[in-house]
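Tertiary structure, described
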Amino acid sequence: MAENDLEKRISENIIVCENLVKIYKTTDIEVLALQGLELDVAYGELMAIIGNSGSGKSTFLNMIGGLDRPSAGRLYVDGKDLFKLTQPQLVDYKRNTVGFVWQNNARNLLPYLTALENVKMPMMLTNQHNQDARALELLEMVGIAHRKNNRLSELSGGEQQRVAIAIALANNPKLLLADEPTGAVDARSASYILDVFRDLNRQLGLTIIIVTHDRLLAKRVNRVVSIRDGKTSSEMIMKQSYAERLEHIGHFAEDPGVTLENEVHDEFAVLDRAGRLQIPREQLEAIGVTNNRVRIVQENGRIILEAEDLPRSES
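Below is a short write-up of the structure.

Rules used throughout
Residues numbered from 1 in each chain as written. Predicted model: local features only at pLDDT ≥ 70, side-chain atom pairs only at ≥ 80, totals over all residues. Heavy atoms only, no water. Pairing = 2+ DSSP bridges. Helix = DSSP H or I, 4+ residues; strand = E, 2+ residues; numbered from the N terminus. Contact = heavy atoms within 4.5 Å. Axes fitted to C-alpha atoms, helices over the stretch in contact; angles between N-to-C directions. Salt bridge = Lys/Arg side-chain N within 4 Å of Asp/Glu carboxyl O. Buried < 20%, exposed > 50% of the residue type's maximum accessible area, 1.4 Å probe, protein only.

A few points about the sheet that holds strand 2 (residues 30-42)
- Strand order in the open sheet made by the four strands is 2-1-4-5, with antiparallel pairing throughout. In this open sheet, the two edge strands, each paired with only one partner strand, are strand 2 and strand 5 (80-81).
- In this sheet, strand 2 lies alongside strand 1 (residues 13-25) in antiparallel orientation, the contact comprising ten bridges. Counted as the bridge partner of Val21 is Gln35 from strand 2.
- The sheet contacts of helix 1 (residues 3-12) involve strand 1, strand 2 and strand 4 (72-77), and relative to strand 1 the element is tilted by about 105 degrees.

Listed below in structure tokens is the structure:
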């Protein structure tokens, strides 16, 4: 790719990920967690990343969060080349560019502090001014200000997670990363947490990336990226009609009549820069593919894949 094209992508996207590779090495084995992942994320996007366990989605989150170093490829976040950051620069990047929300609240919260004190903690580390007022503002933003003086044991799981979101916002990040944020709460609490993310995205213009297995969440964000075997395999883009409907409803109320596949999103396979794509195994099995070959047919401007042993009709 021409350097001027790359520069344009970097200026337009908060994340530019090109042919990203991550290899974990031990004495006896190497594990390839990311295998040429390619993904751009625009400023102000609200998106979800889905995939089976071991697909590489959490590894990718750790890469863009500055918690782990890529092995090869290109990775830019907010114009910064994460391959070239020194250790002090990486510390500054994590402190000022990204905020993290974890599924396990123990990684976000200190149990012996109140909700307000928990949110103030990262501010104290960076000597922010007006800490009490700012912490209370963040608690109000996530709808938990009325519990500001309660300790962890006095809060429900959903309330704890909302405090965790407020903590992740304490450094005024440009990018909020959430790893299974609704995985440990009930459906009602999950719905409220999703409302919080959507409000933050809309009101602050905050870019939010959520790794999730939660289909309620996935079908209500603007873009869903599926990672399979360390690569981007497909994307689902919310249909405009449903996006308008969400705005009208104003919340993430459960709608059992809507499914992720048929009404909410259009799904697209993703070509890498070599023209390769991944097709889910279940779709291949559905058309009778039993090996690693398919017949490619071009008809009426379409590319059709067929099992290689499927008999062709004579014209």
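What about the pattern of salt bridges?
- Within the structure shown, the criterion is met by 14 salt bridges.
- Lys22 is the partner of Asp68 in a salt bridge, and the nearest nitrogen-oxygen pair spans 3.3 Å. In this pair, Asp68 is assigned in the loop between helix 2 (57-64) and strand 4 and Lys22 in strand 1, connecting sequence segments 46 residues apart.
- A salt bridge links Asp199 to Arg202; its shortest N-O distance comes to 2.5 Å. In this pair, Asp199 and Arg202 both sit in helix 7 (residues 187-204), three residues apart, roughly one turn of the helix.
- A residue is classified by how much of its surface remains accessible, and Asp199, at 26% relative accessible area, is partly exposed.
- Judged by relative accessible area, which is 44%, Arg202 ranks as partly exposed.
- What you see here is one network of salt bridges that share partners, running through Arg9, Glu18, Asp40 and Arg74.

Some thoughts on the pairing of strand 9 (residues 223-228)
- By the criterion of burial, strand 9 is predominantly enclosed, with five of the six residues buried.
- In this structure, strand 9 lies alongside strand 10 (residues 231-238), joined through six bridges in antiparallel fashion. The partner of Ser226 across the bridge, within strand 10, is Ser234.
- Hairpin remark: strand 9 followed by strand 10, antiparallel, with two residues in the connecting loop; positive phi at Asp229, about 55 degrees.

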